[in-house]
Amino acid sequence: MATKKITGSEAVILSLLEEGVDTIFGYPGGAIMPVYDALYDFDQKVTHILTRHEQGAIHAAEGYAKVTGKAGVCFATSGPGATNLITGIADAMIDSIPLVCITGQVASPLLGTDAFQESDVVGISMPVTKWNYQITCAEEIPEAIAKAFYIAQSGRPGPVLLDIAKDAQFQEIDFNYKKCKKIRSYIPEHPVDPFKVKAAAELIDRAKKPLLLFGQGVIIANAEEELKAFVEKTGIPAAWTLLGLSALPTDHPLNIGMLGMHGNYGPNIKTNEADLIIAVGMRFDDRVTGKVSSYANGAKIIHLEVDPAEIDKIIKTDVAVLGDAKKSLKMLTDNVNENSHESWLQEFHDCDAIENDKVINKDIYPSQEGLTMGEAVRIASEKTRHNAILVTDVGQHQMVASRYFKFTQSKSNVTSGGLGTMGYAIPAALGAQLGAKNRTVVTFVGDGGFQMTLQELGTIVQNKLPVKIILLNNNFLGMVRQWQQLFFDKRYSFTELQNPDFIAISKGFGMDGHKVTKRDELEDGIQKMIEHDGPYILEVVVQKEDNVFPMVPTGASVSDIILEA
Amino acid sequence: MKQEFIITIFSENHIGLLNRITINFTRRKMNIESLTVSESAIKGISKFTIVLNETEDRVKKVVRQLEKVVDVLKAFYHTNDEMIYQEIALYKVRTEALYETDKIEKIVRKAGARILEITREYTVIEKTGHKEETQELFEQLNEFKVMQFIRSGRVAITRDPIERLSEFLKERDAFLEAMD
């Protein structure tokens, strides 16, 4: 291949183009200016989104990665630019989101001298990246970027960071790009062991009360069809983790709902009655298991997982099937007998009836005065024909939206699961919209989280992204308040907010919006929001002291789930 | 139950990898008793030997996390019984103390230690052995005031007849070939 002399900065951009990057989220500054200068000539080939804060850039990159399955790309400068990325990188690490972050660094002779805007970004980001590397000479750039994309996107995905010294950005090199296909010390996924599959199939064929739990691993592996084929052949009820949401359509007859702390009644109670648990691409998070010592004690455990470190980490398995879920599920389906579990499935429906009566109907079809989060979620889901991308922040609204929003296609749920990062939703929504330009993005956010990253309304407006935002305002840090009510004797320590006029603020950014306080305005308000051409914010004033139920109290067993206070 | 374990890690020789390895222990509040890093028999591949006093369950889990590190080729753990291991200690005593009595000479002889350097002021004694042994020698020599003392981290080798690393690398290369 012919080569030509180009600068390190140009090499950065050309390498990104070689990796098929079409969107970059970022914020310029001194140490990354050469890269931004190179970017100036490529505006026809790649879209750069200037956020209002580096945290906005990284959450946007996460939102983009979640809906596309491709690595989100993020630029920031040295020092504060890079440290502002850290929360988002930690979020991506715990939620297995592929990101490639490129930070500028002071010129290499200045490293370690406390130079202006110098910080040890490789050191700071090490615990929260899958891999990171500092580049001090331009020659390293193509290979490092190729490696970064390979590591970020393969096996169990995660964030990687490249810290590029400013002098390396100026140096001239012969550019020659080669994609990375393997690394000697890194096995992204293990081949599925057919003997393990046989052992798992035997347990599955013998089980009387099997329960399948699926997580984001199914979505990452693009194994949605394989999952569906497996549950349909075996008749096994399937429940999802927060991040597994949307991998199986909501109305699928074997989709029995959400696991964990605010999950559905049936899947939690029945976990402790099941004789077999088949966990697919999930990691038995403490919000899913509740008290581990009394979790699924009557069940054999099969774990289909790409990451060997997850096997036996929390729950001891009987059969672990390592490898990519798309392959392992397919092999498992081929090896199991056709089956059905009608009476066992009926037990879940009986639980649903109880939960409908005690919780759900009151949430989504309330008759009392004061709006509920649940009814806003139900209507938004209906108005988008259960076909929208749901973006949520963290807290009560996140749990309510995850419970009541319905899905017909995968990669449609964007939320901060493991880290629980407030302020995630607004920037993640703009990233999701850029990743899925033709889909409706419905964002739910609380009044607390909204105020953490609301500056990104400016980014949404500047880029004409038709994001729909429903701000569920209860004037409280609702989830903390709920815990204070239930577990801290109603001592509402610093959870009540004096809020600004959200609609005036949004209009100040150039975003149209409307506030509803009454039930007879709600449906119309949501309808108008969906039909609005362009970004829109709907503030829904909900009851101040509503709680999210059911709930598995911290430290309790999943079968001790409570339906009301 | 906590006991001593030896973790062995083979990795690429990359800057920052030591930090990437030790943060796995820091994060879990696991104390490293000793750590030794050097080039292995194969050029470019580093070998870490880490000693810690922990339960087997926690050791097993941290080893899996270590193996996940991109630049780590292989990590495993053993109990003390399963490995041959040594540490080295250096002791500095006043040379005068050797002249005054023959006790030091007897101690050195009995401990199987050796003298590395003698100057007018001081004498440097070296002993290899397990920690208890180097510690015992310290206590004996300290009767004559040890001026300086240093003990290395542990080095350990398995009881297998061959170094598994080259075999492992061959398998790994074959595996990577098959990935294409």
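Caption draft 1: Structural detail: the environment of Lys300 of chain A. Residue and element names in this part refer to chain A. Position of Lys300 relative to the elements: it lies in strand S13 (residues 300–305). Taking the C-alpha atoms as reference points, Lys300 and Ala274, 26 residues apart in sequence, are found 8.7 Å from one another. Excluding its chain neighbours within four sequence positions, the residues that come into contact with Lys300 are Leu203, Asp275, Leu276 and Asp318.

Caption draft 2: Here's a closer look at the confidence of the model for chain B. Here chain B averages 94 in pLDDT, and 99% of its residues register 70 or above. Taken over the whole predicted complex, pTM reads 0.96, whereas the ipTM for its chain interfaces reads 0.93.

Caption draft 3: Here's a closer look at the domain arrangement of chain A. Residue and element names in this part refer to chain A. We note that the domain assignment places domain 1 (5–174), domain 2 (194–345) and domain 3 (373–541) within chain A. Its C-alpha centre places domain 1 at a distance of 36 Å from the equivalent point of domain 2. Taken residue by residue, the interface counts five residues in domain 1 and five residues in domain 2. Classifying every residue of the side of domain 1 that touches domain 2 by side-chain character gives one nonpolar, two polar and two charged.

Caption draft 4: Seen up close, the interface of chain A and chain B. Residue-level contacts link 15 residues of chain A with 18 residues of chain B. Looking at the side of chain A that touches chain B residue by residue, the classes come out as nine nonpolar, two polar and four charged.

Caption draft 5: Seen up close, the environment of Val516 of chain A. Take Val516 of chain A: it is sitting in strand S19 (residues 512–516). Residues in contact with Val516 of chain A, not counting those within four places in the same chain, are Glu521, Leu522, Gly525, Leu538 and Val540 of chain A.

Caption draft 6: Representation of helix H16 (residues 373–383) of chain A within the structure. Residues and elements named next belong to chain A. The buried fraction of H16 amounts to nine of the 11 residues, a majority that puts the element mostly inside the structure. All buried positions along H16 are accounted for by Met373, Gly374, Glu375, Ala376, Val377, Arg378, Ile379, Ala380 and Ser381. Looking at the buried side of H16, the elements it contacts are helix H15 (342–364), helix H17 (396–404), strand S17 (441–446), strand S18 (468–473), helix H23 (519–531) and strand S20 (536–541). Two residues or fewer past H16, Arg385 is found with a positive phi of approximately 50°.

Caption draft 7: Structural view of the packing of helix H3 (residues 54–68) of chain A against helix H5 (residues 86–94) of chain A. Residue and element names in this part refer to chain A. The interhelical angle for the contact between H3 and H5, taken along N-to-C directions, is 20°, at an axis separation of 8 Å. Considering their axes alone, H3 and H5 lie roughly parallel with respect to each other. Read as a crossing pair, H3 and H5 show a hand that is right-handed. Of the residues in H5, those touching H3 at Gln55, Ile58, His59 and Glu62 are Thr87, Gly88, Ile89, Asp91 and Ala92.

Caption draft 8: Layout of the pairing of strand S9 (residues 210–214) of chain A. All names here are of chain A. For S9, the buried fraction is high: five of the five residues fall into the buried class. With burial as the criterion, each face of S9 is covered, one bearing Pro210, Leu212 and Phe214 and the other bearing Leu211 and Leu213. Alignment of S9 against strand S12 (residues 276–280), held across five bridges, turns out to be parallel. Along S12, the bridge assignment pairs Leu212 with Ile278. Pairing between S9 and strand S10 (residues 238–240): three bridges, direction parallel. In the sheet register, Leu212 faces S10, and the bridge partner there is Ala238.

Reading guide: rules and limits
- Residues numbered from 1 in each chain as written.
- Chains lettered and ligands numbered in written order.
- Predicted model: local features only at pLDDT ≥ 70, side-chain atom pairs only at ≥ 80, totals over all residues.
- Helix = DSSP H or I, 4+ residues; strand = E, 2+ residues; numbered from the N terminus.
- Contact = placed C-beta atoms within 7 Å.
- pLDDT = per-residue confidence, 0-100.
- Domains from an automatic or database assignment.
- Nonpolar A, V, L, I, M, F, W, Y, C, P; charged D, E, K, R; others polar.
- Buried ≥ 20, exposed ≤ 12 C-beta atoms within 10 Å, placed from the backbone.
- Axes fitted to C-alpha atoms, helices over the stretch in contact; angles between N-to-C directions.
- Parallel < 35°, antiparallel > 145°, perpendicular 65-115°, else oblique.
- Left-handed = near helix turned anticlockwise from the far one by under 90°.
- Pairing = 2+ DSSP bridges.

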